[in-house]
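So the chains spell out like this:
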Amino acid sequence: MSGQYSHLIDLNDYPVEWWNKVISLGASIYAHPQRYVQACAGKIMATLFYEPSTRTQMSFQSAMIRLGGSIIGFDNPMSSSVSKGENIKDTTKVVSSYSDILIIRHPMAGTAKAAALTAECPVVNAGDGGHLHPTQTLTDLLTLHMEKGRLDHLTVGLCGDLLYGRTVHSLCKALSCYPGNRFVLISTPELQIPEYITKMLRESGCEFRTETSLDEAIGELDVLYMTRIQRERFLSEAEYLAQKDVYRLTTEKMKRAKPDLAVLHPLPRVDEIEIAVDDDPRALYFKQAQYGMYVRMALILRLLESETALPLLHGVQDEKLCCVNPKCITAQEHYLPRHFIEVGGKTVCEYCEERAVPASAYR
Ligand code: CP
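Undergrad: Help me get a handle on the overall build of the protein, residues and values and all.
TA: Assigned secondary structure in the protein consists of 11 helices and 14 strands. Computed over its C-alpha atoms, the radius of gyration of the protein comes to 20 Å, within 12% of the 21 Å expected for a compact globule of 363 residues. Counting only C-alpha atoms and orienting by the principal axes, one finds that the protein spans roughly 55 × 55 × 40 Å. Across the 363 residues of the protein, 55% fall into the buried class. Long-range pairs, those at least 24 residues apart, make up 74% of the contacts in the protein between residues at least 6 apart in sequence. Per element, the accessible surface of the protein, about 15,300 Å² overall, is 51% carbon and sulfur. Within the protein, the 44 negative side-chain charges are centred at a point lying 1 Å from the centre of the 38 positive side-chain charges.

Okay, structure coming up:
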């Protein structure tokens, strides 16, 4: 098993000081990009995108090119040997032997961690199902650092699909580590944030409340993080249709917001932000997407320079247990060691953080 590389699977695997260094480096690259044009000369980055992407894929690719490196990879697994049934382990093992850093996005939670187990280079989680999206979080943190001048003492409203929105989960986990941040979790009861996130907020001592009305909350916010309803993660079309138009940020609603509100959105947008809002100077989502490229340049540099390897699996292997999440990579790739950790008195899967149950219950 690989373990000698610095991977980025979950931002919370690293201390806040590490994130701050990446953010500072991203700000420095933003200010002086010409200083870094040869920083990765001779290096190759592989991008394995098993799921569609515009920003994450292209910002990583342009980041590596702007650092003087080269790129390989696929954005349609069906044009690779995945179409012949190749598993994550073999694809990762081979592609990582061609490259210096590997970026992976996959619809199943826990895939980046599974890939890192056998990779021969650093692996970056570019989104694993509805679980985490740590480089989006670094993007969001750099945006707040540049545009609000701080990452603490902010009232942050998160609105829309808080259940499946992995960017929301990663951002909550990250901002809970800075002092004084408050969260207003705005969603329908059906799309409330997963329990493990509220539990984490409670344990971190963060103030938070759930809210169903964007109108009620908007006036108190320093940051409004809008999200798309994640159609691709619903089990039925009817469930998606019931949720899709519930929240919409309009110029009318913006009249009730603070003059220095920062409106963020990881994008892509569907209908949840009226197009006319784009002309409001508080709408920062396109700038946010651009900051994503600079913070990914910083991340590539940090991981390629790092000599510190973090352990990938900390918990215990127990083949008598299994994960309840049908969208966990362990449900697809059966060779993976079943690993579990204790979180707040519960045993959870170490790949996707969902509950563990006796495997016999699933046979
Ligand atoms: N924010 C984000 O992850 O966008 P893409 O899906 O286009 O990469």
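Undergrad: Summarise the sheet that holds strand 2 (residues 70-74); cite the residues concerned and give the values.
TA: Ordered by their spatial adjacency, 4 strands build an open sheet running 2-1-3-4, and the pairing between neighbours is parallel. Taken across any chain shown, the strands that pair with only one partner, and hence form the sheet edges, are strand 2 and strand 4 (123-128). Mean inter-strand twist for the sheet, computed between neighbouring axes without regard to direction, equals 15 degrees. Bridge count for strand 1 (residues 44-49) against strand 3 (residues 101-106) is 5 bridges, and the pairing is parallel. Looking at strand 3, one finds that F49 is bridged to R105. Its contacts with the sheet put helix 2 (residues 55-66) on strand 1, strand 2, strand 3 and strand 4, and the angle it makes with strand 1 is roughly 175 degrees.

Undergrad: Before we move on, can you summarise helix 2 with the specific residues and values?
TA: Between its first and last C-alpha, helix 2 extends 16 Å over 12 residues, near the 16 Å set by a 1.5 Å rise per residue. Looking at helix 2, one finds that the buried residues are T56, Q57, S59, F60, Q61, A63 and M64. Structurally, helix 2 contributes buried residues whose contacts are with strand 1, strand 2, strand 3, strand 4, helix 5 (134-147) and helix 11 (285-305). G68 sits one or two positions beyond helix 2 and adopts a positive phi of about 90 degrees.

Undergrad: Please provide a residue-by-residue account of the environment of A359, values included.
TA: Relative to the elements of secondary structure, A359 occurs in the segment after strand 14 (356-358). A C-alpha to C-alpha distance of 8.2 Å links A359 and C323, two positions 36 residues apart in sequence. Leaving out residues up to four positions away in the same chain, A359 has contacts with E319, K320, L321, C322 and R338.

Undergrad: I'd like to hear about the pairing of strand 7 (residues 207-211), residue by residue, with values.
TA: In terms of strand pairing, strand 6 (residues 182-186) meets strand 7 through 5 bridges, oriented parallel. Note that in strand 7 the partner of R182 across the bridge is E207. In this fold, strand 6 hands off to helix 7 (residues 195-203), which returns the chain to strand 7; that crossover is right-handed.

Undergrad: Give me the lowdown on the pairing of strand 3, citing residues and values where you can.
TA: Within strand 3, 6 of the 6 residues are buried, which leaves the element mostly enclosed by the surrounding structure. Handedness of the β-α-β unit built from strand 3, helix 4 (residues 111-116) and strand 4 comes out right-handed.

Undergrad: So what's going on with the site of the ligand? Which residues, and what values?
TA: Taken together, S53, T54, R55, T56, R105, H133, Q136, P266 and L267 are the residues near the ligand. Between the ligand and T54, the relevant distance is 2.8 Å, taken from an oxygen atom to a main-chain nitrogen or oxygen of the residue. Look at the ligand: alone it shows 250 Å² of surface, and the protein chains cover 92% of it. Among the residues making up the shell around the ligand, the classes are represented as 2 nonpolar, 5 polar and 2 charged.

Undergrad: Can you lay out the state of the cysteines for me, pointing to particular residues and giving the numbers?
TA: Throughout the structure, instances matching the rule amount to 0 disulfides. This cysteine, C159, is not joined by any disulfide, and C172 carries the nearest cysteine sulfur, 13 Å off. Here C159 falls in the buried class, since its relative accessible area comes to 0%. Looking at C323, it has no disulfide partner, and the nearest cysteine sulfur is the one in C352, 3.4 Å off. A relative accessible area of 10% places C323 in the buried class.

Undergrad: Describe the pattern of salt bridges, and please don't skip the residues or the numbers.
TA: Evaluated as defined, the whole model comprises 17 salt bridges. Measuring nitrogen to oxygen at the nearest pair gives 3.1 Å for the salt bridge that ties K287 to E147. With K287 in helix 11 and E147 in helix 5, this residue pair connects regions lying 140 residues apart in the sequence. With relative accessibility at 36%, the residue K287 sits in the partly exposed group. For E147, a relative accessible area of 28% gives the class partly exposed. Because the salt bridges share partners, they merge into one network encompassing R182, E207, R209, E211 and E220.

Undergrad: Any details on the domain arrangement of the protein? Residues and values, ideally.
TA: Split into domains, the protein comes out as domain 1 (11-133 + 291-304), domain 2 (152-289) and domain 3 (316-362). Look at where the C-alpha atoms of domain 1 and domain 2 centre, and you get two points 26 Å apart. Tallying the contact residues gives 21 residues for domain 1 and 17 residues for domain 2. Together domain 1 and domain 2 conceal approximately 1,500 Å² of surface at their shared face, both sides included; 51% is due to carbon and sulfur atoms. Three residues, R55, H133 and Y291, lead the burial of domain 1 against domain 2; their summed loss comes to 34% of the area buried on that side.

Cut-offs used in this document
Residues numbered from 1 in each chain as written. Predicted model: local features only at pLDDT ≥ 70, side-chain atom pairs only at ≥ 80, totals over all residues. Heavy atoms only, no water. Helix = DSSP H or I, 4+ residues; strand = E, 2+ residues; numbered from the N terminus. Rg over C-alpha atoms; globule rule 2.2 N^0.38 Å. Buried < 20%, exposed > 50% of the residue type's maximum accessible area, 1.4 Å probe, protein only. Contact = heavy atoms within 4.5 Å. Areas by Shrake-Rupley, 256 points an atom, 1.4 Å probe, with all protein chains shown as cover. Lys, Arg positive; Asp, Glu negative; His and termini not counted. Charge placed at Lys NZ, Arg CZ, Asp CG, Glu CD. Pairing = 2+ DSSP bridges. Axes fitted to C-alpha atoms, helices over the stretch in contact; angles between N-to-C directions. Expected span 1.5 Å × (residues − 1). Right-handed = clockwise from strand over helix to strand, strands pointing away. Near = heavy atom within 4 Å. Polar contact = N/O pair within 3.5 Å; in protein donor to acceptor, adjacent residues only side chain to side chain. Nonpolar A, V, L, I, M, F, W, Y, C, P; charged D, E, K, R; others polar. Disulfide = S-S within 2.5 Å. Salt bridge = Lys/Arg side-chain N within 4 Å of Asp/Glu carboxyl O. Domains from an automatic or database assignment. Buried area = accessible area lost by both parts, 1.4 Å probe.

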